[in-house]
Amino acid sequence: MTRIVVIDDRVTNRNILTRLALSVEEGLQVSAYASPVEALDALDGGLECDLIVTDFNMPEMDGAAFVRTLRQRSERHDVPVVVVTVYEDREFCYRALEAGATDFLLSPVDHLEFRARARNLLTLRRQQRLLADRAAGLEQALTRQETASGEDLLGRMLDAIPAAISIVDGQGRLVFANQAHAALLGLPRQEALGRPLAETHGEDYALRSGVRDEKVRETGVPLSRPRYETVELGGSQRCLLTAKAPLANASGWATQVLSVAFDVTELRQEEADSARSARLDRLTGLPNATSFQDRAEEELQRARREHKISALLHVDLDRFKGVNDAFGQEFGDGLLQAVARRLRERLEDGDVLARLQGDEFAVLRTGIKRPDDAAELARRVADAFSEPFLVLGHEVNSSASVGITLAPADGRTADVLLRNAELATYRVKASGRDHYRFFAAEMNHQARRAVALERELRQALGAEQFVVYYQPQLNLGSGAIVGVEALIRWNHPRRGLIRPGEFIGLAEEIGLIAPITRWVLQTACRQHRIWRDKGLGGMQMSVNLSPVQFRERGVELMVERVLKESSLSPTALDIELTENAVIENSQTAAQSLRYLHQLGVTLSIDDFGTGYSLLSYIKRLPVQRLKIDQSFVQNLEHSQNDDEIVKAIINLGHSLGLNVIAEGVETEGQLRRLRLLGCDEVQGHLISPPLSAEALEAWLTAARPFGPGG
């Protein structure tokens with residue numbers, strides 16, 4: 001009896017998924033669970049299933065953790081798992097797939113797409129079980145046969161299996177192929193044996209298969225799950241679902257690799273036909289990401305045959321999340337629809353335009369003559385944002401960052417080109433947004449470096465490689481040290497101390513910023529308590545919070561818990577956050593800030609003057625202090641413009657009843673000018689550089705030449 005297991009902690013979603021599962025085929029049974037723990041208990045108790053559909057965002061463990069736990073059970077390592085997530089950020093989908101998920105769906109789930117994928121996965125599951133049953137029968141038969149007759153029976157049984165079975169040695173030569181594999185090649189078996197894969201299967205397939213073969217030989221374990229791959233064999237393209245496992249020699253070394261491949265070309269075609277009606281983006285009416293990749297592959301193949309150049313553009317709206325948070329999802333959806341209409345008007349009939357996800361679009365144009373044509377296309381896309389968009393009766397200005405990649409120079413497939421174009425887009429955003437940039441090969445090198453840095457960063461927290469330094473803050477009126485700012489440093493085992501600018505952005509991207517911030521807050525609060533017990537009280541401890549942490553509620557509860565753990569009064573803590581953190585996450589940020597203010601925590605706007613500076617919004621928030629960004633302080637003695645800006649910020653802060661602190665003070669001239677302008681507090685290397693806890697303690701007990709007005 002075929003069974004699908006459904007897991008979702010929300011009863012409405014669970015009921016919907018159950019009804020969808022029951023509609024996949026007649027006679028199918030569905031077991032639904034409100035938590036992944038309940039489902040795991042049932043599976044461990046002997047519940048048999050052929051497919052699992054699970055929500056990603058659940059309280060006990062998320063979808064990735066559930067899949068990872070499931071795959072650790074050897075008897076469940078091959079059950080297909082589809083993860084459903086409301087998140088459109090690719091990170092969550094990738095996390096589920098990396099944990100071992102077979103596929104993912106975005107919520108709300110499209111009914112046709114759900115049924116098509118479920119039917120295909122159940123069909124593949126039955127084929128896997130058929131192969132396993134036949135393999136078990138083969139093993140039993142071989143046990144009963146003499147060596148000579150057993151070998152003959154083995155060959156006949158392998159030829160009878162409806163899967164392409166082959167063995168490749170360490171030199172990449174085909175040393176065994178069953179009848180199905182020979183038929184797939186379109187070559188007589190004896191003619192194929194002993195030849196390199198590059199000759200029998202083609203260079204492209206041999207390269208990709210060789211990489212995975214090498215991994216299997218090195219690790220001595222099978223691939224974690226079968227892989228889909230498209231190959232060109234016998235003059236036609238076939239889609240294969242391939243599993244690989246090592247074959248050891250008499251010494252126990254994995255010298256050969258066994259591959260078992262199912263030809264699922266027709267099955268995938270049926271899936272494509274069934275899902276054709278679900279290939280348009282429901283919001284904009286444009287092709288969705290799946291449809292775009294398929295169409296792009298067709299266009300790229302045609303362009304290669306005709307020796308034409310193609311340009312793929314990745315278009316990412318700038319600061320869209322801030323618009324969505326500030327004005328609501330309905331307004332954001334309206335803006336995306338307006339952008340889609342404007343882009344269609346600016347593009348030519350032969351261009352392929354699609355909405356990939358969220359605020360990301362893609363454009364493909366084939367048949368360009370030179371890179372300048374791609375740049376002109378990017379300028380036309382940018383021109384679509386030159387005038388305001390009319391959304392729900394309101395005009396709104398927007399811009400976009402555009403990454404450009406060319407085929408075949410930068411890649412030959414849609415997947416590679418999209419990845420390259422995204423890299424170029426990220427470079428645009430890092431350099432200021434609202435522009436375009438071509439992909440360059442060195443971006444791949446930088447991406448690989450980023451992957452290595454991400455791995456080291458994930459290890460750093462557990463290895464206790466982070467340290468906190470403290471920089472004192474001076475009151476210009478009294479000459480007293482009234483606070484210290486906690487500044488994180490990464491004590492890298494090879495590179496030494498790394499400043500936060502090199503790793504905080506990455507920590508935000510990969511989801512490590514929350515545990516790192518919590519660690520900094522805990523460390524700083526414990527240190528403050530130690531200093532207070534030694535009689536060095538009277539100071540506030542300033543800690544920076546990332547804008548990322550204000551995207552969802554909960555950061556205020558984390559702060560409250562840390563204060564209680566360290567037995568520290570909320571009034572002893574100052575939270576610094578940027579203007580962008582407040583504006584981009586306006587709804588959730590305002591609620592969190594009001595809670596912290598009622599708790600007694602001081603709130604400061606960091607880097608003031610470099611962000612949105614929406615004073616009409618900020619003045620409604622419970623902020624007590626503005627911090628002037630050091631970029632204005634650096635040229636204070638030599639730039640009349642910066643002098644006027646600093647003066648305006650100080651006057652503005654005082655008019656709103658706020659204290660004003662300037663950071664980055666390095667010269668006596670800067671200090672004197674800030675005194676004359678009425679700045680309340682300062683910090684910088686002139687007062688003291690950031691110091692370790694022990695060094696700062698010694699510094700605090702020493703005499704300092706910064707008296708009131710001196």
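This one's a predicted model, so the numbers in the text were calculated from it and none came from an experiment. (Residues numbered from 1 in each chain as written. Predicted model: local features only at pLDDT ≥ 70, side-chain atom pairs only at ≥ 80, totals over all residues. Heavy atoms only, no water.)

A. Spotlight on the overall build of the chain. When helices and strands are counted, the chain shows 27 helices and 26 strands. Within the chain, the fraction of its 710 residues that count as buried is 48%. Per element, the accessible surface of the chain, about 34,000 Å² overall, is 50% carbon and sulfur. (Helix = DSSP H or I, 4+ residues; strand = E, 2+ residues; numbered from the N terminus. Buried < 20%, exposed > 50% of the residue type's maximum accessible area, 1.4 Å probe, protein only. Areas by Shrake-Rupley, 256 points an atom, 1.4 Å probe, with all protein chains shown as cover.)

B. Region of interest: the sheet that holds strand β6 (residues 164-168). Spatially, β7-β6-β10-β9-β8 is the arrangement adopted by the five strands of the open sheet, whose pairing is antiparallel. Edge positions in the sheet fall to β7 (174-177) and β8 (227-233), since each has one partner strand and no second. Along the sheet, successive strands turn relative to each other by an average axial angle of 35°, direction set aside. Direction of pairing for strand β9 (residues 236-248) relative to strand β10 (residues 254-263): antiparallel, over a ladder of nine bridges. Residue pairing for β10: Thr242 is matched across the bridge by Ala261. (Pairing = 2+ DSSP bridges. Axes fitted to C-alpha atoms, helices over the stretch in contact; angles between N-to-C directions.)

C. Here's a closer look at the packing of helix α2 (residues 36-44) against helix α3 (residues 63-72). Put simply, α2 and α3 touch, their axes get as near as 11 Å, and they point 15° apart. Regarding the angle of α2 to α3, the classification is roughly parallel. For the pair α2 and α3, the crossing hand works out as right-handed. Between α2 and α3, the contacting residues are Pro36, Ala39, Leu40 and Leu43 on the first element and Phe66, Thr69 and Leu70 on the second. (Parallel < 35°, antiparallel > 145°, perpendicular 65-115°, else oblique. Left-handed = near helix turned anticlockwise from the far one by under 90°. Contact = heavy atoms within 4.5 Å.)

D. Geometry of empty space enclosed by the protein. The tally for this structure, following the rule as stated, stands at three cavities of 30 Å³ or more. Each pocket or cavity is described by its volume, and for the largest cavity that value is around 60 Å³. What lines the largest cavity is Ala164, Ser166, His181, Leu184, His201, Tyr205, Glu229, Leu233, Leu240, Thr242, Ser259 and Ala261. Of all the secondary structure elements, the ones that give two or more residues to the lining of the largest cavity are β6, α7 (179-185), β8, β9 and β10. Split by residue class, the lining of the largest cavity holds six nonpolar, five polar and one charged. (1 Å grid on protein atoms, 1.4 Å probe; cavity = no way out; pocket = protein on both sides within 12 Å on 5 of 7 lines; lining within 4 Å. Points joined across faces, edges and corners; volume = space filled by probe spheres on them. Nonpolar A, V, L, I, M, F, W, Y, C, P; charged D, E, K, R; others polar.)

E. Spatial organisation of helix α16 (residues 414-430). Counted at 1.5 Å a residue, the expected span for α16 with its 17 residues is 24 Å, and the 24 Å between its end C-alpha atoms agrees. When α16 is considered as a whole, its buried residues turn out to be Ala414, Leu417, Leu418, Asn420, Ala421, Glu422, Leu423, Ala424, Thr425 and Val428. The first or second residue beyond α16 is Gly432, which carries a positive phi of 125°. (Expected span 1.5 Å × (residues − 1).)

F. Geometry of the confidence of the model for the chain. Of all residues in the chain, 88% attain a pLDDT of 70 or more, and the chain-wide mean is 84. Mean pLDDT in the chain bottoms out at helix α23 (residues 615-618), which sits at 59, and peaks at strand β26 (residues 681-682), which reaches 96. (pLDDT = per-residue confidence, 0-100.)

G. Focus on unusual backbone geometry. Omega for the bond connecting Ala407 with Pro408 falls within 30 degrees of zero, at 10°, which places this linkage in the cis form. By the secondary structure assignment, Pro408 is in the loop between β16 (400-407) and α16. The phi dihedral of Asp434 is positive, around 55°, even though this residue is not glycine. Tracing the chain through its elements places Asp434 in the loop between α16 and β17 (436-438). Note on Asp434: relative accessible area 51%, which makes it exposed. Residues other than glycine seldom take positive phi values, yet Ser567 does so here, at roughly 55°. When you line up the elements, Ser567 lands in the loop between α20 (555-565) and β22 (573-578). Given a relative accessible area of 44%, Ser567 falls into the partly exposed group.

H. A look at a negative patch on the surface. Side chains of Asp9, Glu38, Asp41 and Glu60 sit close together on the surface and give a patch of like negative charge. Residue position: Asp9 is located in the loop between β1 (3-7) and α1 (11-22). (Patch = residues over 30% accessible without salt bridge, like charges linked within 9 Å, V, L, I, M, F, W, Y side chains within 5 Å. Salt bridge = Lys/Arg side-chain N within 4 Å of Asp/Glu carboxyl O. Lys, Arg positive; Asp, Glu negative; His and termini not counted. Charge placed at Lys NZ, Arg CZ, Asp CG, Glu CD.)

I. The arrangement of helix α19 (residues 513-533) in detail. Under the 1.5 Å per step criterion, the end-to-end length of α19 is 30 Å for 21 residues, consistent within 8% with the ideal 30 Å. Within two residues after α19, Gly535 carries a phi angle of roughly 90°, on the positive side.

J. The arrangement of the sheet that holds β17 in detail. Across the sheet, which stays open at both edges, the five strands sit in the order β12-β13-β11-β16-β17 with mixed pairing between neighbours. Two strands lie at the open edges of the sheet, namely β12 (352-357) and β17, each paired on one side alone. Within this sheet the neighbouring strands show an average axis-to-axis angle of 20°, counted without direction. Both strand β11 (residues 309-317) and β16 contribute to a ladder of eight bridges, which runs antiparallel. Within β16, the residue paired with Asp316 across the bridge is Ser401. Strand contacts of helix α12 (residues 289-305): β11, β12, β13 (360-368) and β16, with the helix running at about 15° to β13, the strand carrying the most contacts.

K. Structural detail: the pattern of salt bridges. The tally for this structure, following the rule as stated, stands at 42 salt bridges. A salt bridge links Arg117 to Asp103, with the shortest nitrogen-to-oxygen separation between them at 3.0 Å. One end of the pair, Arg117, is in helix α5 (residues 111-144); the other, Asp103, is in strand β5 (residues 103-106), with 14 residues separating them in the sequence. For the salt bridge of Asp318 with Lys429, the shortest nitrogen-to-oxygen distance reads 2.9 Å. In this pair, Asp318 is assigned in the loop between β11 and α13 (320-327) and Lys429 in helix α16, connecting sequence segments 111 residues apart.

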